[in-house]
Amino acid sequence: MIERVGRYLDGWSLVAFLLPFGLYLWCLAPSITFYDSGEFVTAVHFLGSAHSPGYPLFLLYAKPFTWLPIGNIAFRVNLATAVSAALACFAVYHLLKKVLQETEFCDDAGFSRFVLHLTALSGAFTFAVSPRLWLQSNHDKPYPLLAFISAVMLYFLLCWRENYLRGDEQPSWWYGTAFLAGLATGAHQTIVLLLPGCILFILVTAPQSIRRGREWLLSGGMLLAGGAVQLYLPLRAAAETRQNWGDTDTLSRFLWHLLRKGYPEEPHNRDFSLLLKQLGAFNVPHEFGWVGLFLLLIGLWACWRADRALLVYLLATLLSFWLVIAGYFNPQPDSIFLTEEFYTPLYLLAALIIPIGLFALAARGAGAAQKPEHYGLHHKLLLTVFFLLIPLSQLASNLASQDQHNNYLAQDYALNTLRPLPDEAVLFTWGDSGAFPLWYLQGVERFREDLDLAHIPHLVFPWYQRELPRLAPAFKGETGTATGELVFAHLVETLRQQRPVLMDFSTRYSLDWRKQQPVQQGMVYWVQDAPAGQQDDVSIWEFYVLHRLIPKGWQPDMDSHKALVIHAYCLLQSAEDLARRGHVKEAGHLLQLTGRIMPVWQEKLSQMQQRYAIPAPAGETDER
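Now for a description of the structure that goes with this document. (Residues numbered from 1 in each chain as written. Predicted model: local features only at pLDDT ≥ 70, side-chain atom pairs only at ≥ 80, totals over all residues. Heavy atoms only, no water.)

**Regarding the packing of aromatic side chains**
We apply this condition: What counts as a ring pair is set by centres within 6.5 Å for rings of Phe, Tyr and Trp (its six-membered ring), and what kind of pair is set by the plane angle: stacked under 30 degrees, edge-to-face over 60, tilted for all other angles. Elements are defined by DSSP. Helices are runs of H or I of four residues or more, strands are runs of E of two residues or more, and each kind is numbered from the N terminus. Throughout, exposure labels follow a simple rule: accessible area from a 1.4 Å probe, protein chains only, divided by the maximum for the residue type, with under 20% read as buried, over 50% as exposed, and the rest as partly exposed.
Taken as a whole and assessed by the stated rule, the structure comprises 34 aromatic pairs. Ring centres of F282 and W322 lie 6.5 Å apart, and the angle between their planes is 75°; this geometry places the pair in the edge-to-face category. Of this pair, F282 sits in the loop between helix 14 (272-279) and helix 15 (284-306) while W322 is found in helix 16 (residues 308-328), placing the two residues 40 residues apart along the sequence. W322 gets classed as partly exposed once you look at its relative accessible area, which sits at 27%. Members of the aromatic cluster, each reached through a chain of ring pairs, are W245, W256, F436, W439, F461, W463 and Y464.

**Focus on the pairing of strand 3 (residues 501-504)**
Condition: In short, DSSP must find at least two bridges between two strands for them to pair.
Burial of the side chains of strand 3 extends over both faces: V501 and M503 are buried on one face and L502 and D504 on the other. One ladder, built from three bridges, connects strand 3 with strand 5 (residues 524-526); its direction is antiparallel. Residue pairing in the sheet places M503 in a bridge with Y525 of strand 5.

**Here we look at the pairing of strand 1 (residues 426-429)**
Rules: Place the viewer so that the strands point away; then a crossover is right-handed whenever the path from the first strand over the helix to the second strand goes clockwise.
Here strand 1 shows a buried face lined by V426 and F428 and a second buried face lined by L427 and T429. The handedness of the strand 1 to strand 2 (residues 452-455) crossover, carried by helix 20 (residues 432-443), is right-handed.

**Focus: a nonpolar patch on the surface**
Convention followed: Excluding any residue in a salt bridge, patches collect residues exceeding 30% relative accessible area, merging like charges within 9 Å and nonpolar Val, Leu, Ile, Met, Phe, Trp and Tyr side chains within 5 Å. Surface exposure here means Shrake-Rupley accessible area, sampled with a 1.4 Å probe, where a residue is shielded only by the protein chains that are shown. One speaks of a salt bridge when a side-chain nitrogen belonging to Lys or Arg is within 4 Å of a carboxyl oxygen belonging to Asp or Glu.
On the surface, L9, L14 and L18 cluster together into a nonpolar patch covering about 260 Å² of accessible area. Take L18: it is sitting in helix 2 (residues 11-27).

**Some thoughts on helix 5 (residues 73-100)**
To be explicit about the condition: The span you would expect from a helix comes to 1.5 Å times its residue count less one. Here a polar contact is recorded for every N or O atom pair within 3.5 Å, except that within protein the pair must consist of a potential hydrogen donor and a potential acceptor, and residues adjacent in sequence are included only if both atoms are side-chain atoms.
When the terminal C-alpha atoms of helix 5 are compared, their 41 Å separation across 28 residues agrees well with the 40 Å that a helix rising 1.5 Å per residue should span. Among the 28 residues of helix 5, 27 are classified as buried, and the element is accordingly described as predominantly covered. Its side-chain oxygen 3.3 Å from the backbone nitrogen of A74, N72 forms the N-cap of helix 5.

**With respect to the environment of F21**
For clarity, the cut-off: Any two residues whose heavy atoms approach within 4.5 Å at even a single point are treated as in contact.
Here F21 shows up in helix 2. In sequence terms F21 and P345 are 324 residues apart; their C-alpha atoms lie 18 Å from each other. With sequence-adjacent residues up to four places away left out, F21 is seen in contact with L79, A82, V83 and A86.

**Comments concerning the nonpolar core**
A general tendency of soluble globular proteins is for nonpolar side chains to be buried together. Worth spelling out the cut-off: Buried Ala, Val, Leu, Ile, Met, Phe, Trp, Tyr and Cys residues that are joined via side-chain atoms within 4.5 Å together make up what is termed a nonpolar core.
Ranked by size, the top nonpolar core spans 188 residues in total, and within it F127, Y313, L348, F428, L459 and F488 carry the most contacts. A per-element tally of this core places helix 5 first, with 20 residues. Setting aside residues up to four positions removed in sequence, Y313 forms contacts with L154, L194, G197, C198, F201 and L349.

**Structural notes on the environment of N416**
The topology assignment puts N416 in helix 19 (residues 409-418). C-alpha separation for the pair N416 and Y544, spaced 128 residues apart in sequence, amounts to 5.0 Å. Apart from the residues lying within four places of it in its own chain, the contact partners of N416 are M523, F543, Y544, V545, L546 and H567. Here the side chain of N416 touches V545 through a polar contact of 2.6 Å, landing on its backbone nitrogen.

**Here's the deal with the packing of helix 17 (residues 344-368) against helix 18 (residues 377-402)**
The test is simple: Helix axes are fitted to C-alpha atoms over the stretch in contact, other axes to C-alpha atoms as well, and angles between N-to-C directions run from 0 to 180 degrees. Any angle between 65 and 115 degrees counts as roughly perpendicular, while under 35 counts as roughly parallel, over 145 as roughly antiparallel, and the rest as oblique. We call a crossing left-handed when the near helix sits turned anticlockwise from the far one by less than a right angle, and right-handed when that turn is clockwise. The residue classification treats Ala, Val, Leu, Ile, Met, Phe, Trp, Tyr, Cys and Pro as nonpolar and Asp, Glu, Lys and Arg as charged. All others, Gly included, are polar.
Contact pair helix 17 / helix 18: the axes reach a minimum separation of 10 Å and the direction vectors enclose 150°. By the angle between their axes, helix 17 is roughly antiparallel relative to helix 18. Read as a crossing pair, helix 17 and helix 18 show a hand that is right-handed. Counted together, I354, P355, L358, F359, L361 and A362 of helix 17 and L383, F386, F387 and I390 of helix 18 form the full contact between these two elements. When grouped by side-chain class, the residues that make up the contact of helix 17 with helix 18 number ten nonpolar, no polar and no charged.

**Looking at helix 11 (residues 213-227)**
The end-to-end C-alpha distance of helix 11 is 21 Å, a good match for the 21 Å that 15 residues give at a rise of 1.5 Å each. Where helix 11 is buried, its residues touch helix 9 (172-184).

**Section: unusual backbone geometry**
Residue P53 is reached from S52 by a cis peptide bond, and omega for that bond is 10°. With respect to the element layout, P53 can be found in the loop between helix 3 (37-46) and helix 4 (56-62). Although it is not a glycine, E240 sits at a positive phi angle of roughly 55°. In this fold, E240 is placed in the loop between helix 12 (232-238) and helix 13 (251-258). One non-glycine residue with positive phi stands out, namely R448, at about 55°. Structurally, the position occupied by R448 is in the loop between helix 20 and strand 2.

What follows is the structure, encoded as structure tokens:
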């Protein structure tokens, strides 16, 4: 047993795990980020259900990491993702060793072993620093775990083939592959798109296997057994856990959630240019560069010559992904970017084939060159540079954009939204990226539990209404309303005389307010008339965390940039309101804060200073 484990934990394979993990740990976000982060972490914390399709395997995998005594809960879930990403790199290393184990680089056995390890390490590092995996590794995402399981599935098939070619066929490898495929549906259902490639790999290797009905039937049973992880969803729904997205305790709601019925795609025509954009969501040059694409083609040619079963697996998998994700889903142009992360397992396969292309080129070069008397250190150094050139160049070009270790923006956005709110207020939100950080801060960190956070797009769903028990009386009579906006209007009319009712920036600028102009208070807006003393002034900004808003050591993504714009725009609105009322000194202070957050607005700020004769604050610093 120890010897078998030792085969997988030699020094080379440990490096294949530890170096990517160290890189990911260095770049790890210290808290929540935008998009789905706050919602995922909250679901992990409560062992609830995330958005469709629920991601039960990822929630169960990440939960034990929340027990670690380091950082906040969000950091621990981010750490879980970093571990799964490093495991995926570890798996690439062993896949390459398995694929190339019978291929001799030269007639020097010792040097051939070195090149084999180096090739495998090159694949692990190439995948580690690809932008997609690296982006997913630094905050909570299920796709690195999905990539790791997909690699183990392929490894099981290679083990089956190895035994089959020795005359010792072991169908248990089929069963293991099928079980993992079912289990991985709990990370994302796109794992099933690997199954056509798995079946063709078996049939190309052993065509007579098509007659083995018993083994195929048992494999189907193991697929269902692995898929039983989905029972987590109705079981946790029956327990009435918090963050119970979809409330899947009935068959109809379970299928609605599992099959993503909450995300219908509007029918639309597709021309050739849209098809190209949809197919282009799988973008090898972006992940590995044009040299990487060239080496990928060389690797596919090498597979054609030496391992056609693997080549069929690769091509069938790519075709399956394209047919379903681009063909069947037919995403709109503005939602194509949402499908990009579905291709993470394919990028793992690309990272597997690129080093095979390098190996083929190096072997041909070694065969054409004059054979040395012996292979020495300088030969090893030369090949090391050759094999690590792509991952090192990708590391240098991607490090600045992937480093998130100073990114507190989503957490500070949530703090700045919730902290100044009146006691027992109701806050309505509109966009997911603006709402989910608030869910995390209130639900996990237990900050401002006196508030009710109502997400307007979800107000039509009974399961979401049950997440807001203090608003239950206000929901009466509105369960059949067709749109979230109508439920929102009903709640405002019901609650405005009972509790403070406010909305976030996204709600303010997503709905029509021509009949009534909401009153600003910092970064939120009163839906009803603001009580006396609650009008916007400079004192409200004393509640805000502003000193970490300027990105230092990390580059903001699209949602982070929007959050910076929201902070700056609200400061600018407050400054103009103060200037109109004659408080020019206070307005100047807010303009100075605005300029720090958005330096590109300096011309606009100068124009406002001139328009209202606002003096420029001299030597003023913000120490908060």
